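The chain contents come next:
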Amino acid sequence: MTSQTSNADNPSPVRVVVIGAGYAGMIATNRFLGSLTEDEQQRITLTVVNERSDFVERIRLHQLAAGSRESVTLPLSGVLHPGADIVVGRARLIDPAARTVQVETAARQFDVPYDYLLYAAGSVAAAPVPGAVQHAFLLGDYDGAARAAAAIGAAGSSPRIAVVGGGFTGVETASELAERHPGAEVTLYCAGTLLPGARPAARASIARSLGRLGVRIEADSAVTEIEAGKLCLASGRVHAFDVCLLAASFDVPDLAARSGLPVDQAGRLRVDEHLRCIGESSVIGAGDAI
């Protein structure tokens, strides 16, 4: 980012707004503010807009769901640079012409002006399987993981736990559950092979490790629907469960698309090789949402 100046002796203030305080937003905020000179600190303000007042360690959500960790959050005030202003609220709309972000908090709705905007809106858990929202727990977000932990705790000493998704998140979740709940019957459902992006030797090694933990792997078992207490597979088979966790995929927020910014077919902000939004150089992208 380069400072806007009215003349060489009287630089104008620069307002930076960061949407999202996940990994990308937090790291970008801290590195940017930590790099400023004393002079720049006097004329540059940075505001972080985030829906929660805390930072969620998303890579630990499988541990929260399994009950291995009681908390995977940290107060934003403790992880962000002290020079950042924090607004706890939802960014509803970006107006690139006016260079404002419409923000809704618990108390009111207002516009936050910017000269430069960092779009780090992150990703959200997807529910591509019919019935997932009603009958399963989405592991990709904090609320889903926390509710899964409560459901597993209430399911008794030997629950039947289904984990849908044969990627790395599904593997981490299944192994954590089996370690934490040795009496549980943990089954990992893969639409194709286990960890399709991994090397065959690595895939085989991980499968053996899961087997030692007692995890049953159901390969080539695409789940077509989730009903109350049962999975419906593409093969026509039906498998019963007590608790089901979905670790299948992610979506991105539709904020960029709703704001008229250029996006790809998945809704991710389109940027150039310098991470600048195509056609809007005042908007810079970072993280899952670009």
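Definitions and limits used
- Residues numbered from 1 in each chain as written.
- Predicted model: local features only at pLDDT ≥ 70, side-chain atom pairs only at ≥ 80, totals over all residues.
- Heavy atoms only, no water.
- Salt bridge = Lys/Arg side-chain N within 4 Å of Asp/Glu carboxyl O.
- Helix = DSSP H or I, 4+ residues; strand = E, 2+ residues; numbered from the N terminus.
- Buried < 20%, exposed > 50% of the residue type's maximum accessible area, 1.4 Å probe, protein only.
- Pairing = 2+ DSSP bridges.
- Axes fitted to C-alpha atoms, helices over the stretch in contact; angles between N-to-C directions.
- pLDDT = per-residue confidence, 0-100.
- Contact = heavy atoms within 4.5 Å.
- Expected span 1.5 Å × (residues − 1).
- Arc of directions from axis to C-beta.
- Polar contact = N/O pair within 3.5 Å; in protein donor to acceptor, adjacent residues only side chain to side chain.

1. Points about the pattern of salt bridges
Under the definition given, this model contains 12 salt bridges. Put simply, Arg15 and Asp115 hold a salt bridge, and the shortest N to O gap is 3.2 Å. One end of the pair, Arg15, is in strand β1 (residues 14–19); the other, Asp115, is in the loop between β8 (109–113) and β9 (116–119), and 100 residues separate them in sequence. Of the charged contacts, one joins Arg160 and Asp242 as a salt bridge, the two residues approaching to 3.0 Å between their closest N and O atoms. Of this pair, Arg160 sits in strand β12 (residues 160–164) while Asp242 is found in the loop between β17 (238–240) and β18 (243–246), placing the two residues 82 residues apart along the sequence. A residue is classified by how much of its surface remains accessible, and Asp242, at 40% relative accessible area, is partly exposed. A cluster of three or more residues bridged by salt bridges with shared partners is formed by Arg216, Glu218 and Arg237.

2. So, the sheet that holds strand β5 (residues 84–88)
Spatial strand order, β5-β2-β1-β9-β21-β20: six strands in an open sheet with mixed pairing. Strands with a single pairing partner mark the edges of an open sheet, and in this sheet they are β5 and β20 (276–277). Alignment of β1 against β9, held across four bridges, turns out to be parallel. When the sheet's bridge partners are listed, Val17 is paired in β9 with Leu117.

3. A short note on the sheet that holds β17
Judged by pairing direction, the sheet is antiparallel, and its three strands sit side by side in the order β15-β16-β17 without closing on themselves. Looking at strand neighbours, the two that pair on one side only are β15 (223–227) and β17, the edges of this open sheet. Direction aside, neighbouring strands of the sheet carry axes that sit 20° apart on average. Strand direction decides the pairing type here: β15 and strand β16 (residues 230–233), joined by four bridges, are antiparallel. Looking at the pairing, Glu227 lines up with Lys230 of β16.

4. With respect to the confidence of the model for the chain
When pLDDT drops low, the exact placement of atoms in the prediction is not to be read closely. With 97% of its residues at a pLDDT of 70 or more, the chain has an overall mean of 95. Across residues 2–6 the pLDDT falls below 50, and counting only partners more than four positions away or on other chains, this stretch makes 13 contacts in the model.

5. Quick notes on unusual backbone geometry
Despite not being glycine, Leu195 has its phi angle at roughly 45°, a positive value. Here Leu195 is to be found in the loop between β13 (185–189) and α8 (200–213). Among the residues examined, Leu195 registers a relative accessible area of 2% and is labelled buried. A positive phi angle, near 50°, is found at Asp220, a position not held by glycine. Among the secondary structure elements, Asp220 is positioned in the loop between β14 (216–218) and β15. Residue classification places Asp220 among the exposed residues on the basis of a relative accessible area of 59%.

6. Comments concerning helix α6 (residues 142–153)
The end-to-end C-alpha separation of α6 is 17 Å, in line with the 16 Å expected for 12 residues at 1.5 Å each. All buried positions along α6 are accounted for by Gly144, Ala145, Ala148 and Ile152. Down the axis of α6, the sector holding all buried residues measures 95°, keeping them to one side. Elements that come into contact with the buried residues of α6 comprise α3 (61–66), β11 (137–138), β12, α7 (168–180) and β18. Sitting at the amino-terminal end of α6 is Asp141, which places a side-chain oxygen 3.3 Å from the backbone nitrogen of Asp143.

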